[in-house]
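Overview (structure and organization)
What follows is the residue order along each chain.
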Amino acid sequence: MRYGIFGIFSDRLTLDVYDQQNSRFFKLYSQYVPLSLQNCLSQGALTEEGQQLLLSAFPPLLKEASLLLCSKNFAFAAAVLRYATNRDAVCRRVSAAFSLPVTVLTGQELCRFAYQSMPLSTASGLGCSIGGESTQVFTFRGGQVLQWASLPVGCLSLQRRFTSSFFPSQEEEQQMEQTLLSLLEGYPHLLQTNCRTLHVTGFGPWQAAGLHLSLSGSKQPGRQRGWSSSDFALIFRLLRKEDLSGVELVQRLFPHFAGSLFPSLILMRAIGRLAGAEEHIIHAPNLSGPFLQQAAPSAAENQEITA
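Predicted, not measured: the structure shown is a model, and the values here were computed from it. (Residues numbered from 1 in each chain as written. Predicted model: local features only at pLDDT ≥ 70, side-chain atom pairs only at ≥ 80, totals over all residues. Heavy atoms only, no water.)

1. Brief notes about helix α6 (residues 170-184)
Which entries qualify depends on this criterion: Only runs of H or I of at least four residues qualify as helices and only runs of E of at least two qualify as strands under DSSP, and these elements are numbered from the N terminus. The span one expects for a helix is its residue count, reduced by one, times 1.5 Å. The classification of residues rests on relative accessible area computed with a 1.4 Å probe and restricted to protein chains. Under 20% of the type maximum is buried, over 50% is exposed, and intermediate values are partly exposed.
The terminal C-alpha atoms of α6, which comprises 15 residues, lie 21 Å apart, in line with the 21 Å expected from a rise of 1.5 Å per residue. Among the residues of α6, Glu173, Met176, Glu177, Thr179, Leu180, Leu181 and Leu184 are the ones counted as buried.

2. A look at the sheet that holds strand β9 (residues 135-141)
For clarity, the threshold we go by: Only when DSSP finds a minimum of two bridges between them are two strands counted as paired. Lines fitted to C-alpha atoms define the axes here, with helix axes fitted over just the stretch in contact, and angles between the N-to-C directions of these axes take values from 0 to 180 degrees. Here, two residues are considered to be in contact whenever any of their heavy atoms come within 4.5 Å of each other.
Read across the sheet, five strands follow the order β10-β9-β8-β11-β12 without closing on themselves; strand pairing throughout is mixed. Two strands close off the open sheet at either side, each with one partner strand: β10 (144-151) and β12 (279-283). Direction aside, neighbouring strands of the sheet carry axes that sit 25° apart on average. Examined bridge by bridge, β9 and β10 share six bridges and lie antiparallel to one another. Bridge pairing links glutamine 136 to serine 150 in β10. With respect to the sheet, helix α4 (residues 107-117) is in contact with β8 (124-130), β9, β10 and β11 (197-201), its orientation differing from that of β10 by roughly 125°. Packed onto the sheet, helix α10 (residues 261-275) meets β8, β9, β11 and β12 and runs at close to 155° relative to β8.

3. Brief notes about the packing of aromatic side chains
To keep it simple, the criterion reads: For Phe, Tyr and Trp, where Trp contributes only its six-membered ring, two rings pair if their centres lie within 6.5 Å, and the inter-plane angle classes them as stacked under 30 degrees, edge-to-face over 60, or tilted in between. The criterion for a charge sitting over a ring is simple: Lys NZ or Arg CZ within 6 Å of the ring centre, and within 35 degrees of the ring normal.
All chains considered together, the criterion is met by eight aromatic pairs. Here phenylalanine 6 and phenylalanine 58 contribute two aromatic rings whose centre-to-centre distance is 5.7 Å and whose plane-to-plane angle is 40°, an arrangement assigned as tilted. Pair noted here: phenylalanine 6 is in strand β1 (residues 2-8) and phenylalanine 58 is in helix α1 (residues 48-67), with a separation of 52 residues, a long-range link. Take phenylalanine 58: its relative accessible area is 0%, and that puts it in the buried class. With 6.5 Å between their ring centres and 75° between their planes, tyrosine 115 and phenylalanine 138 make a pair best called edge-to-face. Of this pair, tyrosine 115 sits in helix α4 while phenylalanine 138 sits in strand β9, and the two are 23 residues apart along the sequence. Neither tyrosine 115 nor phenylalanine 138 differs from the other in exposure class; each is buried. If you follow arginine 12 out to its NZ or CZ, it ends over the ring of phenylalanine 9, 4.3 Å from the centre. Here arginine 82 stacks its cationic end above the ring of tyrosine 83, 4.9 Å away from the centre of that ring.

4. Points about the packing of α1 against helix α3 (residues 87-98)
Each pair of packed helices can be summarised by the angle the axes make with each other and by the distance between the axes. This is how it is decided: In this scheme the crossing of two helices becomes right-handed for a clockwise turn of the near helix relative to the far one and left-handed for an anticlockwise turn of less than a right angle.
Here α1 crosses α3 at 35°, and the two axes come no closer than 11 Å. Classified by chirality, the crossing of α3 by α1 is right-handed. Residues Glu48, Gln51, Gln52, Leu54, Leu55, Phe58, Pro59 and Leu62 of α1 lie in contact with α3, whose contacting residues are Val90, Arg93, Val94, Ala97 and Phe98.

5. So, the state of the cysteines
The condition is simple: Disulfide assignment relies on a single distance test, namely cysteine sulfur atoms paired within 2.5 Å.
The full count for this structure, using the stated rule, is zero disulfides. Between cysteine 128, a cysteine without a disulfide, and cysteine 111, which holds the nearest cysteine sulfur, the sulfur-to-sulfur distance is 9.9 Å. On the basis of relative accessibility, which here comes to 0%, the residue cysteine 128 falls in the buried class.

6. Concerning the pattern of salt bridges
Going by this rule: Salt bridges are defined as contacts in which a side-chain nitrogen from Lys or Arg sits within 4 Å of a carboxyl oxygen from Asp or Glu.
Going through the model one piece at a time under the given rule, you end up with eleven salt bridges. Arginine 12 is the salt-bridge partner of aspartate 11, the closest N and O atoms lying 2.6 Å from each other. With respect to burial, aspartate 11 and arginine 12 carry one shared label: buried. The partner of glutamate 278 in a salt bridge is arginine 196, and the shortest N-O contact between them spans 3.2 Å. Linking glutamate 278 in the loop between α10 and β12 with arginine 196 in the loop between α6 and β11, this pair joins segments that are 82 residues apart in sequence. When salt bridges with common partners are traced through the structure, they connect Glu173, Glu177, Arg269 and Arg273 into a single cluster.

7. What about the environment of arginine 87?
By the secondary structure assignment, arginine 87 is in helix α3. Under the relative-accessibility criterion, arginine 87 is labelled partly exposed at 32%. Each C-alpha atom of the pair arginine 87 and alanine 77 lies 9.6 Å from the other, and the pair is ten residues apart in sequence. Beyond its immediate sequence surroundings of up to four residues, arginine 87 is in contact with Leu81, Arg82 and Val104.

8. A look at the pairing of β9
With six of seven residues buried, β9 is to be regarded as a mostly interior element. Here seven bridges tie β8 to β9, and the two strands are oriented antiparallel to one another. Looking at β9, one finds that glycine 125 is bridged to phenylalanine 140. Counted along the chain from β9 to the antiparallel partner β10, the turn is two residues long, and its residue glycine 142 has a positive phi close to 60°.

9. Quick notes on the side chain of serine 134
Put simply, the rule is: N or O atoms within 3.5 Å of each other form a polar contact, as long as, within protein, one can give a hydrogen and the other can take it, and as long as residues adjacent in sequence are counted only when both atoms are side-chain atoms.
Take serine 134: it is sitting in the loop between β8 and β9. Here the side chain of serine 134 touches glutamine 136 through a polar contact of 3.0 Å, side chain to side chain. Residues contacting serine 134, with those up to four places away along its chain left out, are Ala79, Arg82, Tyr83, Leu110, Ser129, Ser150, Leu151, Val153 and Gly154.

Okay, structure coming up:
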């Protein structure tokens, strides 16, 4: 049996296709359609323009799911709809148009799914998931998320609020960092873990890992090595060069998602500093696998999902 899992994010609609083989699920295929839902919010609601943009993104991906012989399709939405005042109406509209159930993930679910997507070799620690409209911070131990917080600030909302440039000024950078720190003041228990390593996931951080490879010439994927303060310094220094090489590089590597890169770096660095982490390990984002286990429990019970 094959499953098509659609993910609704601020800047993209994703499709991941999983194939069930005996007792395991394998991800066969991934694709996305760029969106700009973060620019279609008015007084807390997703505008008609944004809804039309979302509806128009589904048909090509649904066609691909059909060509790949998916028997069942499910959809989930992240914070861009969770915070929308008209989220229920938008979900009903999508469901009615495509006969596709849409689940809006809670902050707790995002924390749990982010943790489950990380191939961790440590039994306990601190993790964070950086999205477009929210940031999740959580502690874990023994296979469980223990404490968590879902903060109403993400890489795209920070960019939208503080700057119109790909690369904010140092003053704007400080404002972004202070906004996050003021929110984290309400969750002091989360950062008292004495963890040397901060585990990070999210589309923006994963882009940063790719950019780091391009700038440093390292042959190791970002998720397999720890980022130190010198790694952040390297990227910030090269991106702030007076010429346009940094801008051109980012636009070439990430033509649809350049705006999320710099705020993601600021968020992950700020959380690491506050927690006293000496290194950051970046993991590939994958919410669809854990979501499949929740959306189809009868099929996924006791099954292993491989990205």
